[in-house]
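# Chains, contacts and geometry: an overview
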Amino acid sequence: MDQSPFRSILGTNHVPTERECDMITEFLLMPQAQLAELQAKIMEQEVILQKLKAQCKDLRDNINAHRAIISLIRRLPDDILREIFVYCLPPNRTAGMCATEPPLLLAHVCERWRRVAMSTPRLWSSLRIPAYREEAQVSEGKLDLRKQRIMQWIDRTGSVPLSLSFTLPPISDGSNFYLRRRSNDMKRLFSLLSSTFSRWKKLEVFLDESEEDLLQIARMQDENGQTPFQMVEELSLHIMDDLSIGDSERRKVPVFLNELRLNCNARLHRLGLYLNRNMGTQIGPLSLHKIIPCNQLEVLDLQGSYLPFESCSFPIDTLASILQACPKLVVFKANISPPISSFAASVLVPTSEIALHKLKYASLFFPDWNDDHILRFTAKCDWPSLTSLYIRRPSSGDDSIYLLPVLVDRFASKLTSLRLSHSDIPKRKLGDLMLALPLLVQLHLEHPAFSQAYEGEETFDAYDHFPDSESFDDTILALLTPNPDGTPHALPLLRFLKWERNTEFTDKALAHLIQQRSVSPSSPTPLKQVHIVFGRPIQCDILPDCASLIDAGLDLRLKYPPSLDGFTDESGYWKLEPARSLDADYRTLGWD
């Protein structure tokens, strides 16, 4: 177009005359011919290119087909392939009958994998079976199909021990929670699998049956007269119930637990007992330590995944009796309530210390950190091997000054991991606590909303302001930051730090802490994970300053509330954590 005689009017609003139109038409004859010629050449080249691409694809497919023959996975012996398949199973839950995840997924890859999978009993030894609620009105055909699939799955297990999970679906929106009909499908499932009772090794079960059905489940036996609850090594028992039902209905829980005869199970060493709120007062008079095999338990979880206001709390006098009967405990979790009677309160504190020499992990939910019973109870705890502690409470108040010194006195010398509800803890007391934990490797200062949860609150905003909570500024980070002169600083072995809200320290102070921890001789190891949820907008981007540390492996995650400077982030930070499996390794540090 540079040679066009009409260049001066190109791109303008000029209205051409008839003569100019004829001249332009004549001028375009040659460019149009040249364009047609170029398009024809392009089409020729595209044909050649398509042929070359097809040849490349044929060669690539041929190469891949031959490489597949010599691939390592094809040459692995069946026994090695079986071990790999087993490691593909979900690590922290039972497998489901789902074609998109192992083990069914592995059986749909190729003929050989299907043959190996189907002949590997361990691959099918784990199964999650959802029960139906009675109001679902499930057809007989659907029940028969489920029965067929379950028995096909169980047949593949041969004679290996089984890990089973019987779950209940959530209540539909259209059903009345308090007037709903109980499910009796769990009884049907137990009856279906009664011939395998002797092979049940791990069992998780959600029960929502009537008292009569619960007792029938507890009394079910195999052909040798054994019940599943008397054979399992690991038991997670979820009993679904609510305060709105009558006292006679709530009393079914201790009756059912007593009928299980768990104290006759010589194999049981991991027990999770998950009840709805206030059931602990029903179990307390029954003396829980008399109906479970306390003297052999290594894991006892009485918390589960419930929120504080939803889960069952056990009277502190009952708790003392339980712990004194469990000398082998390694993991203990419980929500603790005041004594059930004034008489119990008067005889609460045992004459001797509550000695648990093997206890390594404890999760305790105290309603009041200033309660005299709790303080005396904590002072009696002799747990010399405790390395991981999680402690929280539901209410506000400056009562942490009473409990924290007791905790430091009893447990600080050995703790390597601490998770703490830090709402209303005075800054000075938190500083004293940090200075008293020389071996701490992991510190999680929990979001206040989790411990200040009230009934009816289904979600919490991580950026909500808590006016009664003391915010922590740069002075608290200064305690954690190595000093140039080499004077001691708090938590010298700290590698994992998670801090949720009440975080008013500056971004620069945080960056300085991270950098100094990586270079100071008085800090043996750099920080590996730093997760901070701020209650204020971002001040400055510290990621570039920490880029070299991030490249070296630092997991740095910073969350700020939405602000006018364009920085946005999700506001729903807090999520309810699922209950960890009873065989989870609590020595694992860090967060996903």
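Because the structure is a prediction, the values reported are computed rather than measured.

Parameters and conventions
Think of each chain on its own: its residues are numbered from 1, step by step along the sequence as written. Per-residue local features of the predicted model are confined to residues with pLDDT of at least 70, and side-chain atom pairs are confined, for both listing and counting, to 80 or more; whole-chain, interface and lining totals are unaffected and use all residues. Side-chain descriptors were evaluated using all non-hydrogen atoms of the structure, hydrogens and water having been removed beforehand. Put simply, DSSP marks the helices as runs of H or I at least four residues long and the strands as runs of E at least two long, and each gets a number from the N terminus on. Residue burial is assigned from relative accessible area. The probe radius is 1.4 Å, only protein chains are included, and a residue is buried under 20% of its type maximum, exposed over 50%, and partly exposed in between. When checking whether two residues touch, look at their non-hydrogen atoms; a contact exists if any pair is within 4.5 Å. Note on pairing: DSSP must find at least two bridges between two strands before they are called paired. A score from 0 to 100, pLDDT tells how confident the predictor is in each residue. For this analysis, a nonpolar core means a set of buried residues of the types Ala, Val, Leu, Ile, Met, Phe, Trp, Tyr and Cys, connected via side-chain atoms within 4.5 Å. Only the contacting stretch of a helix is used when fitting its axis, a line to C-alpha atoms as for every element, and angles between N-to-C directions run 0 to 180 degrees. Geometric relationships in this document are graded by angle, where less than 35 degrees denotes roughly parallel, more than 145 denotes roughly antiparallel, 65 to 115 denotes roughly perpendicular, and other angles denote oblique.

### Focus: the overall build of the protein chain
When helices and strands are counted, the protein chain shows 20 helices and 17 strands. Split into buried and exposed, the 592 residues of the protein chain put 46% on the buried side. Across the protein chain, contacts joining residues at least 24 apart in sequence account for 81% of those joining residues at least 6 apart.

### Side note on the pairing of strand S14 (residues 442-446)
Both faces of the sheet carry side chains from a regular strand, because those side chains alternate between them. The buried fraction of S14 is high, at five of five residues. Side chains of S14 alternate between two faces, with Gln442, His444 and Glu446 and Leu443 and Leu445 buried alike. With five bridges connecting them, strand S13 (residues 417-421) and S14 associate as parallel partners. Bridged to Leu418 within S14 is Leu443. With four bridges joining them, S14 and strand S15 (residues 496-500) adopt parallel strand pairing. What sits directly across from His444, in S15, is Lys498.

### Concerning the confidence of the model for the protein chain
Put simply, the protein chain has an average pLDDT of 81, and 80% of its residues get 70 or more. Under a pLDDT of 50 for its full length, residues 342-348 has, in the predicted model, nine contacts with residues more than four places off or in other chains.

### A word on the pairing of strand S17 (residues 555-559)
Burial within S17 is extensive, with four of its five residues counted as buried. Examined bridge by bridge, strand S16 (residues 529-533) and S17 share five bridges and lie parallel to one another. For His531, the partnering residue across the bridge sits in S17 and is Arg557.

### Focus: the nonpolar core
One finds Phe166, Trp383 and Trp499 to be the most contacted residues of the largest nonpolar core, which totals 128 residues. Contacts of Trp383, omitting those with residues within four sequence positions, involve Leu323, Ile354, Leu356, Leu359, Ala362, Leu364 and Phe411. In terms of nonpolar packing, the next biggest core, distinct from the first, is built from six residues, Tyr274, Val331, Tyr361 and Leu582 among them.

### A look at helix H12 (residues 316-324)
Among the nine residues that make up H12, seven are buried, leaving the element largely enclosed by the rest of the structure. Burial in H12 covers these residues: Ile316, Asp317, Thr318, Leu319, Ala320, Ile322 and Leu323.

### Comments concerning the packing of helix H1 (residues 18-27) against helix H2 (residues 29-70)
Two elements in contact, H1 and H2, have axes whose closest approach is 4 Å; the angle formed by their N-to-C orientations is 30°. Overall, the two elements H1 and H2 adopt an arrangement that is roughly parallel. Facing Thr25, Glu26 and Phe27 of H1, the residues of H2 in contact are Leu29, Met30 and Pro31.

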